[in-house]
Structure formats: C-alpha cells, structure tokens
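# What the coordinates show
Each chain is listed here by its residues.
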Amino acid sequence: MSQPTIGVIGGSGLYEIEGLTDVQEVLLDTPFGAPSDAYITGTLEGVKMVFLPRHGQGHRFLPSEVNYRANIYGMKKLGVERIISVSAVGSMKEEIAPGHMVIPDQFFDRTQGKRASTFFGEGVVGHVQFADPLCADLSEILYQSSLEVGATTHKGGTYICIEGPNFSTRAESNIYRSWGVDVIGMTNIPEARLAREAEICYGTVALATDYDCWHEGHDDVSVEAVIAIIQQNVATARNIIKAAVKRLSQSRSCACGEALKFAVMTHKELIPEQTRQRLEPLIGKYL
Ligand SMILES: CSC[C@H]1O[C@H](OP(=O)(O)O)[C@H](O)[C@@H]1O
Ligand SMILES: Nc1ncnc2[nH]cnc12
C-alpha cells in the first residue's frame, strides 16, 4: 500500500466510525488467533482507515480477554502505520473533569501478567525501547485535533492500566493518586507494547468519564455514569478522529517505524522456521 493507513481502535462506547466511504468488512485470522471483530476498512477525508472495536461489537470481551496480539497483528497486515486508540478513563486529578480529553504521554503498568503482551518468544528474543511508550508526533496531532474541535484537552499525563474488570478500591485509588498518575483505565498497556513491537505509532485519546472513587464530592465510578459521559462525548471523539486523520495524510518521520532495528537478539540462523513465518510481517524486513 502506498498511502499510509491509519488505524483506529475504538474503546467503550465507540463501536463504529461515521463518514467512511468505500467501506469493507475484513475478517482476518492471525497466527495469534482471532481479532476482537471484523476490521472495517474505508476512506475518511481522503485517507485510508481501518477501524476495530477493541471489545468487539456489542462489547463482548473483558479488558483481560481482548486478543491484543491478534488485533495489532491484523492492523499490521492491513498496512496500518499509526493507531489512534480511543479509551474511556477515570480521572485521578481534580482538574481533569468528566468530559475532558487527555492525550497521555506515559503509562504505568498495574496489569497482572495475564495478557499476552509480546510477539516475541518461541525461539526469537527481542527487546524494544519503551521509555516513551506513546508516539510524540501522533500525540501532538491528537492534541491539536482535540483543541480544534473545541474539547477541553489536557496535554500529556500518565495512564495507569489496571487489570480489572472490577474498578479500584478506594485505598488503591488514593495510592495511585499519591504516585502522581493522571488517568486510570484497563486496556492500553498491552496494545501500546505490541504496537511498538509492530513498529506502529500509538497515540491515545482518553475521555475522562468519572473521578474513580477517590473524590469525596463525586459519586464512585459506575458503568452507568461512564456510559452517560461517553454518550455525551462520543460525537466529539469522532470529530477528533476526523480532524486528526486530515493531519495524518503525510508519511511519518518519527522513530516508531524502526523500533525493531536493533531489538532482536537471536541469531538469524537460529530462529525456528515456524516462528520466522509467523513474525514475517513484523521482523521479515530485518531477516
Ligand atoms: C466501561 S468502564 C471500563 C472499561 O472502559 C475502558 O475501556 P476502553 O479503554 O476500551 O475504553 C476501561 O479500560 C475498561 O475496559
Ligand atoms: N475509574 C475507572 N477505572 C478504570 N477504568 C475506567 N474506565 C473508565 N473509568 C475507569
């Protein structure tokens, strides 16, 4: 594919994207199993796009059940170079009010090791850099796009990713706050790790839906409250995507596309054939 393709992973409340033309539904199987749903491909503002609802249509997969490897592998196979992740998050700071957008620049991993979060293993060892887990260029575009559509937007911030599916205890919430995190969610960490291994830029538009359970002046987070805020803001999220896609028609110049250049430790001749074939779309260009 000559023109860069933009991927969008829709989170809670964002199960489809509007305004796509040339729409096709692409069902993929991958060496890592089935993605969350069919990919929807099409064109938005003249730019090629691929959309996938993270939890599947009808919200069928828990954060720990989502097949993140298959989802990202499928995006790679479809030629995606940049992924915009849309996520509902709890706010861990007074100034981030429900309805505000945050473009995080850091993650803190509090998942419990239950999610397959690497493409490596089975005879091939690789270590990508992850000091800055979100693509700064893509994040800047998301920030500018969010401002452009009139959303109150916070630039930067740390997204703490918990295992879920239950929300946090009050003690946990207060401790996370003392660590200085900005928002809390359950999904972004495996996705960002895998996107980096797949040399795909990853940026997140996080919609603050609640104050988790630390704020004495607000009700504790509930699905009902989260859904109400999402419903009020889903149009804004879609507008941000549209505005961002227009700005993303140029090819990228960040380092994400070369994340694997020095990452693979295993001697080429020792990589088992099956593993080599499975990882061909990811590491093939280096072998
Ligand atoms: C419905 S609140 C909890 C749920 O929402 C977030 O998901 P996503 O990142 O896909 O929008 C959060 O991480 C939980 O999975
Ligand atoms: N308070 C919260 N904790 C974890 N994930 C969330 N998603 C939306 N609000 C959340």
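Residues numbered from 1 in each chain as written. Chains lettered and ligands numbered in written order. Predicted model: local features only at pLDDT ≥ 70, side-chain atom pairs only at ≥ 80, totals over all residues. Heavy atoms only, no water.

An unreviewed UniProt entry lists the protein under the name S-methyl-5'-thioadenosine phosphorylase, with Desulfuromonas versatilis given as the organism. Recorded under Pathway (unreviewed entry), the UniProt text for the protein is reproduced unchanged: "Amino-acid biosynthesis; L-methionine biosynthesis via salvage pathway; S-methyl-5-thio-alpha-D-ribose 1-phosphate from S-methyl-5'-thioadenosine (phosphorylase route): step 1/1." Quoted straight from UniProt, the Catalytic activity (unreviewed entry) entry for the protein says "S-methyl-5'-thioadenosine + phosphate = 5-(methylsulfanyl)-alpha-D-ribose 1-phosphate + adenine". (UniProt positions renumbered as here; feature names shortened; annotations may be inferred.)

To continue, consider the overall build of the protein. Of regular secondary structure, the protein possesses seven helices and eleven strands. Taking 287 residues into account, the globule formula puts the C-alpha radius of gyration at 19 Å, and the protein, at 18 Å, falls close to it. Principal axes of the C-alpha set define a box for the protein whose edges measure 60 × 40 × 35 Å. Summarising the internal contacts of the protein: among those between residues at least 6 apart in sequence, 82% fall at separations of at least 24. A total of about 12800 Å² of accessible surface is found on the protein, and carbon and sulfur atoms cover 48% of it. (Helix = DSSP H or I, 4+ residues; strand = E, 2+ residues; numbered from the N terminus. Rg over C-alpha atoms; globule rule 2.2 N^0.38 Å. Contact = heavy atoms within 4.5 Å. Areas by Shrake-Rupley, 256 points an atom, 1.4 Å probe, with all protein chains shown as cover.)

Time to look at the nonpolar core. Membership of the largest hydrophobic core comes to 41 residues, with the highest contact counts inside it found for Ile72, Met75, Ile83, Phe119, Ile200 and Leu279. Looking at this core, the elements that each hand over two or more residues are strand S4 (47-53), helix H1 (68-77), strand S5 (80-91), strand S9 (158-162), helix H4 (188-197), strand S11 (201-210) and helix H7 (280-283). In this structure Phe119 touches Phe32, Arg69, Ile72, Tyr73, Leu194, Glu197, Ala198, Leu279 and Leu282, once residues within four positions along its chain are discounted. One finds Leu14, Ile84, Ile103 and Ala151 within the second-largest nonpolar core, a separate group that totals 34 residues. (Core = buried A, V, L, I, M, F, W, Y, C linked by side-chain atoms within 4.5 Å. Buried < 20%, exposed > 50% of the residue type's maximum accessible area, 1.4 Å probe, protein only.)

A word on the site of ligand 1. As a matter of local geometry, ligand 1 sits amid Gly11, Ser12, Arg54, His55, Pro63, Ser87, Ala88, Phe167, Gly185, Met186, Thr187 and Val226. Within the side chain of Arg54, a nitrogen or oxygen atom sits 2.8 Å from an oxygen atom of ligand 1. Separating an oxygen atom of ligand 1 from a backbone N or O atom of Ala88 is a distance of 2.9 Å. Notes on ligand 1: free accessible area 390 Å², of which the protein chains cover 90%. Put simply, ligand 1 lies in the largest pocket. Classifying every residue of the shell around ligand 1 gives five nonpolar, six polar and one charged. (Near = heavy atom within 4 Å. Polar contact = N/O pair within 3.5 Å; in protein donor to acceptor, adjacent residues only side chain to side chain. 1 Å grid on protein atoms, 1.4 Å probe; cavity = no way out; pocket = protein on both sides within 12 Å on 5 of 7 lines; lining within 4 Å. Sits in = over half its atoms within 2 Å of the grid points. Nonpolar A, V, L, I, M, F, W, Y, C, P; charged D, E, K, R; others polar.)

Next up on the list: the side chain of Ser36. Note that Ser36 resides in the loop between strand S2 (21-26) and strand S3 (39-44). A relative accessible area of 2% means that Ser36 is categorised as buried. A polar atom in the side chain of Ser36 sits 2.6 Å from the backbone oxygen of Arg54. Not counting the four nearest positions on each side in its chain, Ser36 is found in contact with Pro53, Arg54, Gly56, Arg60, Phe61, Val66 and Asn71.

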